[in-house]
Amino acid sequence: MSVLQNAKEHFTTKLGGELKKMTVPEWKSDIFFKPAYSFAVESKIIQLQQQGKTVEALVESIILKALDPDGKPMFTKFDKNTSMHEVDPQVLIRVATELNSATSEYEEVIKN
């Protein structure tokens, strides 16, 4: 087996793990999320951060990572504007922080 194949298997195992869950009392809802995400997902968030669009990056991370109990997305790209203008920023920050904590090692790579 090649190194790349081993790397793919490792990541597939990580992605296939049990969904994590956080409760958001203000939204009367639970949000589920994966323990890891691909660079394809993370790159959208990183790009916004590098452009100085921190708030958009937080909202984008929620849109891309928040899942229902079946692992399906809770939000769509069309929810971004509403989230940015009509949702409590403190709750968004808390949710995004938790969702991104599973992949915080990516942020360390970007900083270095």
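About the thresholds
Residues numbered from 1 in each chain as written. Predicted model: local features only at pLDDT ≥ 70, side-chain atom pairs only at ≥ 80, totals over all residues. Heavy atoms only, no water. Helix = DSSP H or I, 4+ residues; strand = E, 2+ residues; numbered from the N terminus. Buried < 20%, exposed > 50% of the residue type's maximum accessible area, 1.4 Å probe, protein only. Polar contact = N/O pair within 3.5 Å; in protein donor to acceptor, adjacent residues only side chain to side chain. Expected span 1.5 Å × (residues − 1). Contact = heavy atoms within 4.5 Å. Axes fitted to C-alpha atoms, helices over the stretch in contact; angles between N-to-C directions. Parallel < 35°, antiparallel > 145°, perpendicular 65-115°, else oblique. Nonpolar A, V, L, I, M, F, W, Y, C, P; charged D, E, K, R; others polar.

Asks: What should I look at first to understand the side chain of Glu42 in this one?
Replies: Mapped onto the elements, Glu42 comes out in helix α2 (residues 39-50). Relative accessible area serves as the criterion here: at 4%, Glu42 is assigned to the buried category. A polar contact is formed between the side chain of Glu42 and the side chain of Lys65, at a distance of 2.9 Å.

Asks: Even after reading the chapter, I still don't get helix α3 (residues 54-65), so can you show me in this structure?
Replies: Side chains of residues three or four places apart in an α-helix project in the same direction, reflecting 3.6 residues per turn. With 12 residues, α3 extends 16 Å from end C-alpha to end C-alpha; this agrees with the ideal 16 Å at 1.5 Å per step. Next to the buried residues of α3 lie β2 (29-33), α2, α4 (80-86) and α5 (89-101).

Asks: Just to check I follow, could you spell out the environment of Leu58 for this structure?
Replies: Relative to the helices and strands, Leu58 resides in helix α3. For Leu58, a relative accessible area of 24% gives the class partly exposed. Distance from Leu58 to Ser38, taken between C-alpha atoms, is 17 Å for residues 20 residues apart in sequence. Here Leu58 is in contact with Ile93 and Ala96, once residues within four sequence places are set aside.

Asks: Honestly, the packing of α2 against α3 in this entry has me stumped. Any pointers?
Replies: The description of two packed helices rests on the angle between their axes and on the distance between the axes. Closest axis-to-axis distance for the α2/α3 pair is 8 Å, and the angle between their directions is 170°. Relative to α3, the element α2 lies roughly antiparallel. Residue-level inspection shows Val41, Glu42, Lys44, Ile45, Leu48 and Gln49 of α2 in contact with α3, the latter providing Glu56, Ala57, Glu60, Ser61, Leu64 and Lys65. Residues belonging to the contact of α2 with α3 are distributed by class as follows: five nonpolar, two polar and five charged.

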